[in-house]
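Descriptive analysis of the structure
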Amino acid sequence: MTPTLDVARIRKDFPILSRTVRNERPLVYLDSAATSQKPLAVLDAEREFYETANAAVHRGAHQLAEEATDAYESARARIAAFVGGRPDDLVFTKNATESLNLVAYAFSNASAKAAHGGDDLDPRFILSPGDSIVVTQMEHHANLVPWQEVCAKTGATLRWIGVTDDGRLDLDELDSVIDETTKVVSVVHQSNILGTVNPVRLVMDRAHQVDALGVVDACQSVPHQPVDVNALGADLVAWSAHKMLGPTGLGLLWGRQEVLSAMPPFITGGSMIETVFMEHSTYAAPPKRFEAGTPMVAQAVGLSAAVQYLEDLGMDAVAAHEHRLTGAALERIGALRGVRIIGPRENVDRGSAVSFVVDGLHPHDVGQFLDDRGVAVRVGHHCAWPTCRRYSVPATTRLSTYIYNDESDIDVAVEGIVAAQKFFGV
Amino acid sequence: MDVESLYQDIILDHYKHPRGRVLLAEPSGESHQVNPTCGDEVTVQVALDADGHIRVGYEGQGCSISQASASVMSEMVDGVDPREAESVRRAFVELMHSKGAAEPDEDVLGDGIAFVGVAKYPARIKCALLPWMALHDAEVRAGIDTNAEGAQA
């Protein structure tokens, strides 16, 4: 049997959760899909690093540099192991948006170099008119806009797998949208707006059937469920530290070694080179090839502590806890008069982001009313504007839970929604 | 400060019963403004009538604050001299940047004074300002000089 989470004990590790907001209301934090709060263990790890081992990594002959390098690379190893990967296959970036741009730029950079006679480029990354790139209709802008840019630069065509009325990928379109022209397929694992958990293995397998590369945006899945990058069947997987109890300023990109090795660099400069001459340079092997400039050492150390924290809880227990909360949220919000859930209503293959609209009330006003009761939710298009358009809503209110929430938090939110309806007379 | 003082009755009334919410037959300038964080949208159109007074039309969708603000804007600005419209607009912008500490002049702002509480919520100031930004942009596009003596189209 999966162990349950002791929420009361967990909450003691998060000092921010004991503060009040707006007229001394206890904070009810239901915005973890935007960013999670941080436990003391993470704050302490960062502070301890700065207090005892801070130095520039991968250079310098002094003891601090050795210790800082060891802390940085040990963090890489632990974080990679957390998702079933090898340390050399994990790249540190500034955020998940940069991770996805790093991948997108591999295509546009390879294509641009090929057009100017570059001959050491892997043809899988060279795009031209007639090629296609495939995403879905539920992508975060971070996994849509970079691909639009790649298409504009290379002449490739952007295609997408549509979504059904109940918030699932329309898999009937899979074989027709992904075809022999497709060079890369990039899909979200768990939607940040709909909450849908997508069958990415199926999509990746279809991508590989046509020799396309497969990319997964795992920002909402890695923090909330056990994820093994190998089981996803992807070539590249992007996610961020700050949604999984870690610090801001750190993103992750895992890649199959053979694929990372075939990718040209994105941001160039110091630390990512092998040799440099006035006329040209050669580049380091991954992951360093993609880590130009001074890296985010303290943040990596902080994320390593976050990973330890999550491992101590057990990701199976985290997923089970959230599944229960998601069920409660779907049931209680779904039962409200004049409220419509945008995304799957059924608590199957479903993450804890629950978006909804209230008849006659704009999400901004709903969010304001909840805020007045101390409830922090996200309102807006959640960086998934095309998804909002698909469901004919200008925006939604989104509630999202994590390890430190319990069902009473959902009840406070539900009371707030009802109060807003009453106040506005809808 | 609580949410009831943000949503004053005047604001709710303008939200539920918007004034002047139609587009113009022959606009000489138009501006479509969006709030990219929440998806609020407003389109404001302007023209000058035979007397040199500004005519304002608008439509939009969004939260109560943005849509009520558009209604108040229409009420305060439609049919007045462009320079007077500009002084109202400036007073409203100033009110929004007051952090809620201002004592707004009802003679200048009319129902706009109800927005004083909005200025205490940084995330909502953009909502309130959206139609007024659109008004200013539409005036520029129409070539309406809101500052000089004898403003002309």
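It should be emphasised that the depicted structure is a prediction, and the values quoted were computed from it without experimental measurement. (Residues numbered from 1 in each chain as written. Chains lettered and ligands numbered in written order. Predicted model: local features only at pLDDT ≥ 70, side-chain atom pairs only at ≥ 80, totals over all residues. Heavy atoms only, no water.)

1. Focus on the overall build of chain B
Looking only at helices and strands, chain B has six helices and three strands in total. For chain B, the succession of helices and strands along the chain, N to C, is α-α-β-β-β-α-α-α-α. By the compact-globule yardstick of 15 Å for 153 residues, chain B fits well, its C-alpha radius of gyration being 14 Å. Classification of the 153 residues of chain B by burial places 51% in the buried group. Of the contacts made within chain B by residues no fewer than 6 positions apart, 61% connect residues no fewer than 24 positions apart. (Helix = DSSP H or I, 4+ residues; strand = E, 2+ residues; numbered from the N terminus. Rg over C-alpha atoms; globule rule 2.2 N^0.38 Å. Buried < 20%, exposed > 50% of the residue type's maximum accessible area, 1.4 Å probe, protein only. Contact = heavy atoms within 4.5 Å.)

2. Some points on the interface of chain A and chain B
Across the contact, 20 residues belong to chain A and 23 residues belong to chain B. Inspection of the chain A/chain B interface yields one salt bridge. Between Arg-124 of chain B and Asp-365 of chain A there is a salt bridge whose closest N-O contact spans 3.0 Å. Applying the counting rule to chain A against chain B returns nine residue pairs in polar contact (both at pLDDT 80 or more). (Salt bridge = Lys/Arg side-chain N within 4 Å of Asp/Glu carboxyl O. Polar contact = N/O pair within 3.5 Å; in protein donor to acceptor, adjacent residues only side chain to side chain.)

3. Points about the domain arrangement of chain A
Residue and element names in this part refer to chain A. Domain parsing of chain A yields domain 1 (7-30 + 314-424) and domain 2 (47-310). At the junction of the two partners, domain 1 supplies 35 residues and domain 2 supplies 31 residues. Between domain 1 and domain 2 the total buried area reaches about 2,600 Å² when both faces are included, carbon and sulfur atoms providing 55% of it. It is Met-315, Arg-390 and Tyr-402 in domain 1 that bury the most area against domain 2; as a group they hold 25% of the surface buried on that side. (Domains from an automatic or database assignment. Buried area = accessible area lost by both parts, 1.4 Å probe.)

4. Some details on the pairing of strand β2 (residues 40-48) of chain B
Moving residue by residue along a regular strand, the side chains alternate between the two faces of the sheet. All names here are of chain B. For β2, a buried count of seven out of nine residues is recorded, marking the element as mostly surrounded by other parts of the structure. Strand direction decides the pairing type here: strand β1 (residues 29-35) and β2, joined by seven bridges, are antiparallel. Residue pairing for β2: Gln-33 is matched across the bridge by Val-42. The turn joining β1 and β2, which pair antiparallel and follow one another in sequence, is formed by four residues; a positive phi near 85 degrees is taken by Gly-39. When β2 meets strand β3 (residues 54-61), the two strands line up antiparallel, connected through eight bridges. Bridging across to β3, Ala-47 finds its partner in Arg-55. From the end of β2 to the start of β3, which pair antiparallel, there are five residues, and Gly-52 there has a positive phi angle of about 80 degrees. (Pairing = 2+ DSSP bridges.)

5. Some thoughts on the side chain of Lys-243 of chain A
Residue and element names in this part refer to chain A. Checked against the element boundaries, Lys-243 lands in the loop between β9 (236-240) and β10 (251-255). Within the structure, the side chain of Lys-243 is placed 3.0 Å from the backbone oxygen of Ala-34, a separation counted as a polar contact. Leaving out residues up to four positions away in the same chain, Lys-243 has contacts with Ala-33, Ala-34, Ser-36, Cys-219, Gln-220, Pro-223 and Tyr-402.

6. A short note on helix α2 (residues 40-52) of chain A
Residue and element names in this part refer to chain A. With 13 residues, α2 should cover 18 Å at 1.5 Å per step; its first-to-last C-alpha distance of 18 Å lies within 8% of that length. Within α2, burial applies to Val-42, Ala-45, Glu-46 and Phe-49. The buried residues of α2 all sit within an arc of 95 degrees when viewed along its axis, so they share a single face. Exposed and facing more than 90 degrees away from the buried side of α2 are Arg-47, Glu-48 and Glu-51. Packing partners of the buried residues in α2 comprise α3 (63-82) and α10 (297-313). (Expected span 1.5 Å × (residues − 1). Arc of directions from axis to C-beta.)

7. As for the sheet that holds strand β17 (residues 396-399) of chain A
All names here are of chain A. Strand order in the open sheet formed by four strands is β13-β14-β17-β16, with antiparallel pairing between adjacent strands. Bordering the open sheet on either side are β13 (339-342) and β16 (378-380), each of which pairs with just one other strand. Neighbour to neighbour, the strand axes of the sheet diverge by 30 degrees on average, direction disregarded. Here strand β14 (residues 354-358) runs beside β17; their pairing, made up of three bridges, is antiparallel. Residue pairing in the sheet places Phe-356 in a bridge with Thr-397 of β17. Contacts from helix α12 (residues 363-372) reach β14, β16 and β17, with the element oriented near 40 degrees to β17. Relative to β14, helix α14 (residues 407-424) is tilted by about 15 degrees, and along the sheet it contacts β13, β14 and β17. (Axes fitted to C-alpha atoms, helices over the stretch in contact; angles between N-to-C directions.)

8. Some words on the packing of α3 of chain A against α10 of chain A
Residue and element names in this part refer to chain A. In the contact formed by α3 and α10, the axes pass within 8 Å of each other and the chain directions differ by 40 degrees. Looking at the two axes, α3 sits oblique to α10. The element α3 and its partner α10 pack so that their crossing is left-handed. Residues Ala-68, Ala-71, Tyr-72, Ala-75, Arg-78, Ile-79 and Phe-82 of α3 pack against Val-297, Ala-300, Val-301, Leu-303, Ser-304, Val-307, Gln-308, Leu-310 and Glu-311 of α10. Taken together, the residues of the contact of α3 with α10 sort by class into 12 nonpolar, two polar and two charged. (Parallel < 35°, antiparallel > 145°, perpendicular 65-115°, else oblique. Left-handed = near helix turned anticlockwise from the far one by under 90°. Nonpolar A, V, L, I, M, F, W, Y, C, P; charged D, E, K, R; others polar.)

9. Focus: the environment of Arg-83 of chain B
Structurally, Arg-83 of chain B can be placed in helix α4 (residues 82-96). Distance from Arg-83 of chain B to Ile-54 of chain B, taken between C-alpha atoms, is 9.4 Å for residues 29 residues apart in sequence.

10. Describing the side chain of Ser-191 of chain A
Residue and element names in this part refer to chain A. Among the structural elements, Ser-191 can be located in the loop between β7 (182-188) and α7 (200-209). A polar atom in the side chain of Ser-191 sits 2.8 Å from the backbone nitrogen of Leu-194. Residue contacts for Ser-191: discarding those within four places in its chain leaves Met-138, Thr-196, Gln-220 and Ala-353.

11. Topic: the environment of Glu-59 of chain B
All names here are of chain B. One can find Glu-59 in strand β3. The class for Glu-59 is partly exposed, based on a relative accessible area of 41%. With 15 residues separating them in the primary sequence, Glu-59 and Val-44 have C-alpha atoms 6.8 Å apart. Excluding residues within four positions of it along the chain, Glu-59 makes contact with Leu-23, Val-42 and Thr-43.

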